[in-house]
Amino acid sequence: MYKLRITKKSLVLSICFLLMYIVAIFQIQTSGVQYIDELLGIISFAYIIYKYFSRSVRKKDYINKMVKAMIAMTSIGVLSNIIFKMQYGYWYVIEDMFLFFKPFLIFIAIYLFFEKENDTDNAIYLLGSLARIFTIILTAYLIYFEFSDNLILGGYSEWVPIPSIKYYTFYAKYPAFLAMCIGILVVILIADKKNNNWIYIILDCINLLFTQSGTAFIIIFLVFAFRFVKHTRKIKWYHICFLVIIGSLVGLNEIKEYILNPTAARSIMFRYSIIAAMQFFPFGAGFSTYGGTVAGAAYSKLYIKYGFNTHWGMTGKGDVNFLYDTYYAMVIGELGIIGTIIYIIVIGTLFSQFNNVDSRSQMRYPLLLGLISVLVMGIGQGGLTSILGALYMMILALLYKKAKLVKQV
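From a predicted model like this one, the values you see are computed outputs, not experimental measurements.

Helix and strand counts for the protein come out as 16 helices and two strands. Radius of gyration (C-alpha) of the protein: 21 Å, near the 22 Å computed for a compact globule of 409 residues. Along the longest, intermediate and shortest principal axes, the C-alpha atoms of the protein span 65 × 60 × 50 Å. By residue count, 56% of the 409 residues in the protein fall in the buried class. Pairs at least 24 residues apart make up 74% of the contacts formed inside the protein by residues separated by at least 6 positions. Accessible surface for the protein amounts to roughly 18700 Å². Of this, 67% is attributable to carbon and sulfur atoms. The protein carries 36 positive and 20 negative side-chain charges, and their two centres are separated by 13 Å.

Our next topic: unusual backbone geometry. Cis geometry is found at the peptide bond from Phe-281 to Pro-282, where omega equals 0°. If you trace the backbone, Pro-282 turns up in the loop between helix H11 (265–279) and helix H12 (293–298). The backbone of Lys-85 shows a phi angle near 55°, a positive value even though the residue is not glycine. Mapped onto the elements, Lys-85 comes out in the loop between helix H3 (62–84) and helix H4 (90–113). The residue Tyr-299 is not glycine, and still its phi comes out positive at about 55°. Tyr-299 gets classed as buried once you look at its relative accessible area, which sits at 13%.

A word on the packing of aromatic side chains. Going through the model one piece at a time under the given rule, you end up with 33 aromatic pairs. Ring centres of Tyr-327 and Tyr-343 lie 6.0 Å apart, and the angle between their planes is 65°; this geometry places the pair in the edge-to-face category. Of the two residues, Tyr-327 and Tyr-343, neither departs from the other in class, the shared state being buried. Taken together through their ring pairs, the aromatic side chains of Phe-100, Phe-101, Phe-104, Phe-287, Tyr-327, Tyr-328 and Tyr-343 make up a single cluster. Of note, Lys-9 hangs over the ring of Phe-113, and the distance from its end group to the ring centre comes to 5.0 Å. The ring of Phe-145 is capped by Lys-166, whose NZ or CZ atom sits 4.3 Å from the centre of that ring.

This part is about the pattern of salt bridges. What the rule picks out here adds up to eight salt bridges. Ionic pairing is found between Glu-115 and Lys-51, a salt bridge with its closest N-O pair at 3.0 Å. Of this pair, Glu-115 sits in the loop between H4 and helix H5 (117–146) while Lys-51 sits in helix H2 (residues 36–53), and the two are 64 residues apart along the sequence. Given the relative accessible area of 6%, Lys-51 is considered buried. Residues Asp-358 and Arg-360 are paired through a salt bridge, measuring 2.9 Å at the closest nitrogen-oxygen approach. Of the residues examined, Asp-358 reaches a relative accessible area of 17% and is grouped as buried. What you see here is one network of salt bridges that share partners, running through Lys-9, Lys-51 and Glu-115.

A rise of 1.5 Å per residue sets the reference length of helix H6 (residues 175–191), with its 17 residues, at 24 Å; its end C-alpha atoms lie 25 Å apart and thus fit the reference within 8%. For H6, a buried count of 15 out of 17 residues is recorded, marking the element as mostly surrounded by other parts of the structure.

As a further point, take the state of the cysteines. One pass over the structure, following the stated rule, counts zero disulfides. The closest cysteine sulfur to the non-disulfide-bonded Cys-16 is located on Cys-181, 17 Å from its own sulfur. A relative accessible area of 25% places Cys-16 in the partly exposed class. Free cysteine: Cys-181, not disulfide-bonded; nearest cysteine sulfur from Cys-205 at 16 Å. The class of Cys-181 is buried, set by a relative accessible area of 0%.

Here we take up the side chain of Ser-213. Along the chain, Ser-213 falls in the loop between helix H7 (198–211) and helix H8 (214–227). A relative accessible area of 5% means that Ser-213 is categorised as buried.

Turning our attention to a nonpolar patch on the surface. A surface patch of nonpolar side chains, amounting to about 660 Å² of accessible area, comprises Phe-26, Ile-133, Ile-137, Tyr-141, Tyr-144, Ile-152 and Tyr-171. Considering the arrangement of structural elements, one finds Ile-152 in the loop between H5 and strand S1 (154–155). In this structure Ile-152 comes out as exposed when scored by relative accessible area, which is 61%.

On to H7, then. In this model H7 runs 20 Å from its N-terminal to its C-terminal C-alpha over 14 residues, within 8% of the 20 Å that 1.5 Å per residue would give. Taken together, the buried positions of H7 are Ile-201, Asp-204, Cys-205, Asn-207, Leu-208 and Thr-211. Axial view of H7: buried residues confined to an arc of 160°, hence all on one face. Packing partners of the buried residues in H7 comprise H5, strand S2 (167–168), H6 and H8. Just downstream of H7 lies Gln-212, where phi reads positive at about 55°.

A word on the environment of Val-331. Here Val-331 lies in helix H14 (residues 327–355). We classify Val-331 as buried; its relative accessible area is 2%. Separated by 258 residues in sequence, Val-331 and Met-73 have C-alpha atoms that sit 10.0 Å apart. When sequence neighbours within four positions are dropped, the list of residues in contact with Val-331 reads Phe-100, Gly-336, Thr-340 and Tyr-343.

What counts, and where the lines are drawn
- Residues numbered from 1 in each chain as written.
- Predicted model: local features only at pLDDT ≥ 70, side-chain atom pairs only at ≥ 80, totals over all residues.
- Heavy atoms only, no water.
- Helix = DSSP H or I, 4+ residues; strand = E, 2+ residues; numbered from the N terminus.
- Rg over C-alpha atoms; globule rule 2.2 N^0.38 Å.
- Buried < 20%, exposed > 50% of the residue type's maximum accessible area, 1.4 Å probe, protein only.
- Contact = heavy atoms within 4.5 Å.
- Areas by Shrake-Rupley, 256 points an atom, 1.4 Å probe, with all protein chains shown as cover.
- Lys, Arg positive; Asp, Glu negative; His and termini not counted.
- Charge placed at Lys NZ, Arg CZ, Asp CG, Glu CD.
- Phe/Tyr/Trp six-rings, centres within 6.5 Å; stacked < 30°, edge-to-face > 60°.
- Lys NZ or Arg CZ within 6 Å of the ring centre and 35° of its normal.
- Salt bridge = Lys/Arg side-chain N within 4 Å of Asp/Glu carboxyl O.
- Expected span 1.5 Å × (residues − 1).
- Disulfide = S-S within 2.5 Å.
- Patch = residues over 30% accessible without salt bridge, like charges linked within 9 Å, V, L, I, M, F, W, Y side chains within 5 Å.
- Arc of directions from axis to C-beta.

Laid out in C-alpha cells, this is it:
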C-alpha cells in the first residue's frame, strides 16, 4: 500500500486545485473568489520571471519554445492593436492579453514548480483523493436529483438527446460546463496509479451521461477509446482521424445546431472571425476586439460593425450571451492568419510532447485525454481562458512533469 508523505509542493497544488474546483463547479461569483484563477495567473507570471532570472530553465526544454511562441503571439496581437486601433483602450488590451495567456502561464509555472518525482507522486495521490470525494458527491446528488422533483440541479429541454429525462447540471448551471468539471476528475483518477479508481471512473461516466451534453459524450468515448490503447503505444495519425470521425458523430447534434446552422450565434462568431482575419490580414484585429470576455464586456467595435447587436443572444444585454462561447473564433479574429498558425503549432507540439512521454510513467493516456478534452471545450465554451482551462492546464503540467522526471531517472 502506498505510504502518503505530504510534501509542501504537493499540498500547495492540492489546495489551489480544491479552491479553484469549488469556485468552478459551484459557480461562485461573490467576494472576489471568482478571480482565483486570475490571481494564480499573476503569481505564475511572477514565478516564471523569477525562474528565468535564476537561470533554472533548461535551454532545450519545450517550455522555452512555448515561451517564445507566446512572445510571438503577443507581438502580433499588440502590433494589430497599434496599426488598426479597433480596441477601446490599451487597458483592455492588457486585460485580454493576460486572460488569453493565463492558462499557458499556469502550465509553465506548475511545470517549473515541481522538480522532484516524489512531489509529483504525492500531488497526484492527493488530487486522486479529492477526485474520489467529488465523484461521490456528484453521484449522490445525481441520484437525489433524478428521483425527486428538484429542478435546481438541472431540468428538461427539447434540445437534449432524451427530452423526457432531466439533464444534470449540479450547481455548474450548464451541462457542458459540468461535463468538463467531471472530465478533469476522470483525468486525475486515471493518472492516480497508486489506486484502482475504475469504479469511480465508471461513476463519473454515468454522471457525464446524465448531463446529456455532446461534450460529455465525447469525453466518455475518449475514456473507453484510450482504455484499449496500451500505455506503451503512441497515437498515430490514423488514430487521430478515427477519433475525429467518431467524435464528430457523437457530437453531431451540437455540430448541426451550433456550428453548421448559419443563424446560430456560434456559427456567426466563427464565420465573422474569418472575415476579421481577412479584413485585418495577416495579423488579425488585435487583443480585446473579438470573441473573448473583454470584447464581450466592452462590446467590441467589430460587433457593432458586423451587426451582432441585431442577433438574439449577441446583443450583450440580458441573461443569454453567446459572445463568450467561441474560443477558437477569438484566436482567429484577434491574431489573424499568422497568429493562428503559431497557436496551432503550439498545440500540435504540445500534443506531440504528450504522445512521446516515457511509457514507464504511464501518463500518456491521461495527458492526451485531458488535452483533447480541452480542445473539444474550445469549440463551444470559453475554452482555455475560463477557470476550467486553468484547472486543466494545471493538471496537465503536473502529469507532464511527472513523465519528464521519470525519463530523467
